[in-house]
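Summary of structural features
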Amino acid sequence: MKREQTISSSVVPFPAHIAPTVADEDTASIIAVLQDQLALAREGRLRSVAVVSVSADGEAIGTQWSCKGGDISSLIGKLTVLAHDLMAARK
């Protein structure tokens, strides 16, 4: 079997049309916050970023960060506190 045949057989086409969705107020707020942070990053005005994400059902909380080495301890601590606060607020 030729390499071209192997590659083309594993390609999965995207759906022809994406179902339109309407962003509610909460979703629009999340998008606005992320866009603000992206603008600051593009301007070179950020040194570190930390994100806490909560799933739509409230069951999963995740943390992510991108930072300079000296900021990591502080960010991890703040994310941990924030994650605990979020979990406590859900109860």
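Here's what I pulled together on the structure shown here.

A word on the environment of Ile76
Mapping Ile76 onto the fold places it in helix 3 (residues 72-90). For Ile76, a relative accessible area of 34% gives the class partly exposed. Between the C-alpha atom of Ile76 and that of Gln64, which follows or precedes it by twelve residues, the distance is 9.2 Å.

Considering the pattern of salt bridges
For the structure on display, the rule yields two salt bridges. Note that Glu43 and Arg45 form a salt bridge whose closest N and O atoms lie 3.0 Å from each other. Overall, the relative accessible area of 60% leaves Arg45 in the exposed class. Between Arg47 and Asp71 there is a salt bridge; the shortest N-O distance is 2.6 Å. Here Arg47 is found in the loop between helix 2 (25-42) and strand 1 (49-54), whereas its partner Asp71 is found in the loop between strand 2 (61-66) and helix 3, with 24 residues between them in sequence. Residue Arg47 is classed as exposed on the basis of its relative accessible area, which comes to 56%. What makes Asp71 buried here is its relative accessible area of 14%.

What to know about a nonpolar patch on the surface
Taken together, the side chains of Val54, Leu82 and Leu86 present a nonpolar region at the surface, about 220 Å² in accessible area. Examined against the element boundaries, Leu86 turns out to sit in helix 3.

Overview of the layout of surface pockets
The space that makes up the largest pocket amounts to roughly 340 Å³. In terms of lining, the largest pocket is formed by 14 residues, of which the most central are Ile30, Val33, Leu34, Val51 and Val52. When residues of the lining of the largest pocket are traced back to their parent elements, those giving at least two are helix 2 and strand 1. Tallied by class, residues from the lining of the largest pocket come to eleven nonpolar, three polar and no charged.

Topic: the pairing of strand 1
Looking at chain direction, strand 1 and strand 2 are connected through six bridges and run antiparallel. By the bridge assignment for strand 2, Ser53 is matched with Gly62. Linking strand 1 to strand 2, which pair antiparallel, is a turn of six residues; within it Gly58 sits at a positive phi near 80°.

Observations regarding helix 2
In a regular helix each residue adds 1.5 Å, so 18 residues correspond to 26 Å; helix 2 covers 26 Å between its end C-alpha atoms and thus fits that length. Put simply, Asp24 is the residue that caps the front of helix 2, since its side-chain oxygen is 3.2 Å from the backbone nitrogen of Asp26. Gly44 sits one or two positions beyond helix 2 and adopts a positive phi of about 75°.

Details of the environment of Leu46
One can find Leu46 in the loop between helix 2 and strand 1. Here the alpha-carbon distance between Leu46 and Cys67, two residues 21 residues apart in the chain, equals 9.2 Å. Sequence-distant contacts of Leu46, defined by excluding residues within four places in its chain, comprise Gln37, Leu40 and Ala41.

Calculation notes
- Starting from 1, residues in each chain are numbered consecutively following that chain's sequence as written.
- Only residues with pLDDT of at least 70 are given local features in this predicted model, and only at 80 or more are side-chain atom pairs given and counted; all residues enter the totals for whole chains, interfaces and linings.
- Based on all heavy atoms of the structure, the side-chain values leave hydrogens and waters out of the count.
- By definition, any uninterrupted DSSP run of H or I lasting at least four residues is a helix, any uninterrupted run of E lasting at least two residues is a strand, and each is numbered from the N terminus.
- Each residue gets one of three labels from its accessible area relative to the maximum for its type: buried under 20%, exposed over 50%, partly exposed in between, using a 1.4 Å probe on protein chains only.
- Basic side-chain nitrogens of Lys or Arg form a salt bridge, by our definition, when they fall within 4 Å of a carboxyl oxygen of Asp or Glu.
- Only residues above 30% relative accessible area that lack a salt bridge enter a patch, with like-charged residues linked at up to 9 Å and the nonpolar side chains Val, Leu, Ile, Met, Phe, Trp and Tyr linked at up to 5 Å.
- Only the protein chains shown count as cover for residues, and all accessible areas are computed by the Shrake-Rupley method using a 1.4 Å probe.
- Method remark: on a 1 Å grid restricted to protein atoms, a set of points is classed as a cavity if a 1.4 Å probe fits but cannot get out and as a pocket if it is open with protein on both sides within 12 Å along at least five of seven lines; lining residues have an atom within 4 Å of a point.
- Grid points are joined across faces, edges and corners, and a volume is the space filled by probe spheres set on the points.
- Asp, Glu, Lys and Arg are counted as charged, while Ala, Val, Leu, Ile, Met, Phe, Trp, Tyr, Cys and Pro are counted as nonpolar; the rest, among them Gly, fall into the polar class.
- Two strands form a pair only when DSSP identifies at least two bridges running between them.
- Under the convention used throughout, the expected extent of a helix is 1.5 Å for every residue step, that is, one less than its residue count.
- Under the rule applied, a polar contact is a pair of N or O atoms within 3.5 Å (in protein, one hydrogen donor and one hydrogen acceptor; residues adjacent in sequence only if both atoms are side-chain atoms).
- Any two residues whose heavy atoms approach within 4.5 Å at even a single point are treated as in contact.

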